[in-house]
Amino acid sequence: MKSKHYSGLSIRAGLVAVVLLCSQLAMAEPTSVRVEAGSLSRAINQFAQQAGIAVVMDDSLLSGLTSEGLVGEFEPEQGLNRLLSSSGYVARKTPQGYVIEAQQANMLDPVKVSAAGYLETAYGPVEGYVATRSATATKTDTALMETPQSVSVVSRQEMDDRDVRDIGEAVSYTSGVSTGATGETTLFGGNNVRIRGYGGNGTAGSSFNEYLDGLKLKGSNFVSANLDPWMFERVEVVKGPASVLFGQTQPGGVVNMVSKRPHEDMTNKVRLGTGNFDRASAAFDVGSGVNEQLAFRVTGLGLNGETQQDHSDRERQMLAPSMRWKNDTTDFTLLAQYQRDDINATVLGAIPRDGVFSNPNGRVPASFRVGDPGFEFWDREVWSVGYLLSHHVSGDVTFRQNVRFTDNALDSNWLYRRSLEADQRTLQRSAFSAVENSSDWTIDNQLEWKTTTGSLDHTVLMGADYYHFENDTLRGFSAAPSIDLFEPVYNVAIPAPPIYQSIDNQVEQLGFYLQDQIHIGALSFLVGGRYDDAKTSAENNLSSSKTDSSDNAFTGRAGVIYNFANGVAPYASYSQSFEPVGGTDFNGSQFEPMEGEQYEVGVKYQPVGTQHLITISAFDLTQQNMTTADPVNPGFNIQTGEVNTRGLELEGKARLNRNVNLTAAYTYLNDEVTDSNNGDEGKRRPQVPESTASLWVNYSMLSGPLSGVELGGGVRYTGETEGDNTNTFSVPSYTLVDLALRYDLGKGPLALDGWNANINVNNLLDEYYIASCSTDSTCFLGQERSIRAAVEYSW
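Residues numbered from 1 in each chain as written. Predicted model: local features only at pLDDT ≥ 70, side-chain atom pairs only at ≥ 80, totals over all residues. Heavy atoms only, no water.

Brief notes about the pattern of salt bridges
Phase 1 of the analysis: Tallied over the entire structure, the rule returns 36 salt bridges.
Phase 2 of the analysis: Of the charged contacts, one joins Arg297 and Glu233 as a salt bridge, the two residues approaching to 3.6 Å between their closest N and O atoms. With Arg297 in strand β20 (residues 294–305) and Glu233 in strand β16 (residues 232–239), this residue pair connects regions lying 64 residues apart in the sequence.
Phase 3 of the analysis: A relative accessible area of 5% means that Arg297 is categorised as buried. (Salt bridge = Lys/Arg side-chain N within 4 Å of Asp/Glu carboxyl O. Helix = DSSP H or I, 4+ residues; strand = E, 2+ residues; numbered from the N terminus. Buried < 20%, exposed > 50% of the residue type's maximum accessible area, 1.4 Å probe, protein only.)

Encoded structure:
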């Protein structure tokens, strides 16, 4: 506990130091500028006016080009060239001022020129791997360098280069995130993504803090959506408590998936693929602008094949149409999604510890299936429809309304492990069935107001959101025949398990939030608060009983960041979260919500004139009011449980020249149960690695005989984890290697313009590993080597 005390003090001291530093820098009144994103010509004029300099340029040269804006302290020539860094033009000093002229080509240091004056927004495509803007952390289109919190963005290009198959794979090279703890289950059951040690709990369909276009994807215990990443433009991870903007959340952070949306001049794609496990797939992404106001887009995918489990198969169909209408003041996008999964595999394929560690009978094959193909099925269907509306009420005021209705349905049977007999090969099993349906309405109203008070620029966000969720579940349970780990016999007779649970659930949440982003030159403050009222009810149809509960909470956040002219931006932040807890104590008193609190300090670095972004962060995160055993009244719980997680994260994304993209990450987590009556106080939670690290590099050959070839490679390291709550054994660390090879057939001898071929391999060396063991000492086998090949046509 002493180390926790001093480490917590160091994080808090660092936060205070950063705040004081930023305040002193602001009071010193340095020469600074704040140039809004938009037309490059207008940005140059705005900079010249603020810097008090003369600039000579031909506006026609910069016609159609855009700027991402500029904030910080800059010398005139330095600031001008940073604004021009993506245009192919430079500023040259003359006796009369500065002149804008074309940059001389230098093949050793190519200039990044955006196609058609491309300007990144928080909701659209990212050029390469390095995003500059995000809306997930603030609900406003904000530069990452002005956001006092650690935020990671995975672009569409990065997802395509790695050919990701689910959200877990999309964020597997992201700092602060651990994935794949349940092995292959993540590909069809649930994503099992943990952020800073919090999130997926190891069960199928486990719901972590998952959002689609800023609106929560709730689902129920088993019937979560697990949407295919082909429909996403970008995936964003905000680390740390986020209840101020999103209400009920776990403290580790949120993952927000941004849908592909219609836009003018988009690239259309058709893709056909194959792979091991008899994989066959087809996908398309097509759309166009109908006229200046109307555009459409349709994304679809179909796949079938096997899983690594013996005698298994899976199918998926996905369709996501969208339409966008806009004029000078209004932007309206209609979005719909449909996805169906039909899977014959064991969703909870865990094996008791003694079956996988030092088993005298040998090593359990990674292809071993705990269940039975004659009994198991997992049929899931999800569809949703909604819209994103933005209306400029005036030049300074914008109203936004985001709405979505989602319907989930699941019909399933599966077997799961019980105990292992003394021979360490006979596995006792149970049969389980679940029929679940859920639906939810989500609406988020936002009013954004940009104003100035003296020397302060404000972006004020006022919002009210409402969430309504209904779920009915029918579950069965019974004993099932045992199976031999090394000589399994399948297609045995297993009767349908009798129903033991029939429950209807309902959740309502109403929240009001207020946020102000304040800018004083290069200094940016963020403050916000939120009030939530949440109600839940559960009706037991078998016992004809009903329980109701209600919670309310206020959460807050504050942050500060200062942008130096050299691209360095230190920041500090404080944030809170809350999450309702069901049940009552011995006296019948309703449990209070779990509460999260985090202190974070860090530095962001974006070298001037480059497409690089490096973030270093340190944090102290505590979750309180966790349920733990009541020492006085056996069989009941009390709320004195607490977990503290302190960590360090490093992440870098870069584009080197025009032909190298990379992403690198490292995470250290010191996780400790600091208060508990369950015998785990002072212990580390299972499935939370102390260290993770990753590196992915994609290299494109631009000239020579290999022109058109792209080679990508990555390494993912997951450190040792604990195998149970009391830390009686550990799960060894493992390292996985990934590979990608792509070839532009338009540069080959057949000159097939628009065509390319690619191969992606996960776990190239076919490493056998234990992905993790959970709280009850059951363990998940890791994913075997996966090989996928595809041809794609773009136009």
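Back to the write-up after that little detour.
With respect to the packing of aromatic side chains
Phase 1 of the analysis: Summed over all chains, the structure comprises 17 aromatic pairs.
Phase 2 of the analysis: Taken together, the aromatic side chains of Trp378, Trp414, Tyr416, Phe432, Phe477 and Tyr500 make up a single cluster linked through ring pairs.
Phase 3 of the analysis: A cation sits over an aromatic face here: Arg196 above Phe619, 3.9 Å from the ring centre.
Phase 4 of the analysis: Sitting over the ring of Tyr198, Arg685 keeps its end group 4.3 Å from the ring centre. (Phe/Tyr/Trp six-rings, centres within 6.5 Å; stacked < 30°, edge-to-face > 60°. Lys NZ or Arg CZ within 6 Å of the ring centre and 35° of its normal.)

Let's talk about the nonpolar core
Phase 1 of the analysis: The biggest cluster of nonpolar side chains holds 25 residues, and the ones touching the most others in it are Leu227, Phe232, Val235 and Met257.
Phase 2 of the analysis: For this core, the secondary structure elements donating two or more residues are α5 (167–170), β16, β17 (253–259), β20 and β21 (313–326).
Phase 3 of the analysis: By residue number, the principal contributor to this core is β16, which donates 3 residues.
Phase 4 of the analysis: If we ignore the near neighbours within four places in the chain, the residues touching Val235 are Ser152, Val153, Val154, Met159, Ile167, Ala170, Val171, Val255, Asn256 and Met257.
Phase 5 of the analysis: One finds Ala131, Val153, Val238 and Leu461 within the second-largest nonpolar core, a separate group that totals 20 residues. (Core = buried A, V, L, I, M, F, W, Y, C linked by side-chain atoms within 4.5 Å. Contact = heavy atoms within 4.5 Å.)

Regarding the state of the cysteines
Phase 1 of the analysis: Using the criterion set out here, one finds 1 disulfide in the structure.
Phase 2 of the analysis: In this model, Cys773 is linked to Cys779 through a disulfide, with the two sulfur atoms separated by 2.0 Å. Note on the Cys773 and Cys779 pair: the S-S dihedral is about 100°, so by sign convention the disulfide is right-handed. The residues Cys773 and Cys779 share a single accessibility class, namely buried. (Disulfide = S-S within 2.5 Å.)

Observations concerning empty space enclosed by the protein
Phase 1 of the analysis: Counted under the stated rule, the structure contains 17 cavities of 30 Å³ or more.
Phase 2 of the analysis: Size it by volume and the largest cavity reaches roughly 580 Å³.
Phase 3 of the analysis: Considering only residue class, the lining of the largest cavity consists of 16 nonpolar, 21 polar and 9 charged.
Phase 4 of the analysis: Roughly 310 Å³ of volume is contained in the second largest cavity.
Phase 5 of the analysis: If you go around the second largest cavity, you meet 24 residues; those closest to its centre are Asp163, Val164, Arg271, Arg279 and Leu301.
Phase 6 of the analysis: Within the residue set of the lining of the second largest cavity, elements represented by two or more residues are α4 (156–162), β18 (269–275), β19 (279–289), β20, β21 and β44 (786–794).
Phase 7 of the analysis: With 4 residues, the single largest contributor to the lining of the second largest cavity is β19.
Phase 8 of the analysis: The residue makeup of the lining of the second largest cavity, split by class, is 11 nonpolar, 3 polar and 10 charged. (1 Å grid on protein atoms, 1.4 Å probe; cavity = no way out; pocket = protein on both sides within 12 Å on 5 of 7 lines; lining within 4 Å. Points joined across faces, edges and corners; volume = space filled by probe spheres on them. Nonpolar A, V, L, I, M, F, W, Y, C, P; charged D, E, K, R; others polar.)

Structural notes on the sheet that holds β17
Phase 1 of the analysis: Strand order in the open sheet formed by 5 strands is β10-β16-β17-β14-β15, and the pairing between neighbours is mixed. Of all strands in the sheet, those bounded by a partner on one side alone are β10 (151–155) and β15 (215–216). (Pairing = 2+ DSSP bridges.)

Concerning unusual backbone geometry
Phase 1 of the analysis: A positive phi is found at Arg196, a non-glycine position, where the angle reads about 50°.
Phase 2 of the analysis: Within the secondary structure, Arg196 is located in the loop between β12 (194–195) and β13 (198–199).
Phase 3 of the analysis: Given the relative accessible area of 0%, Arg196 is considered buried.
Phase 4 of the analysis: Even without a glycine there, the phi angle at Asp213 is positive, about 55°.
Phase 5 of the analysis: Here Asp213 is to be found in the loop between β14 (210–212) and β15.
Phase 6 of the analysis: Given a relative accessible area of 9%, Asp213 falls into the buried group.

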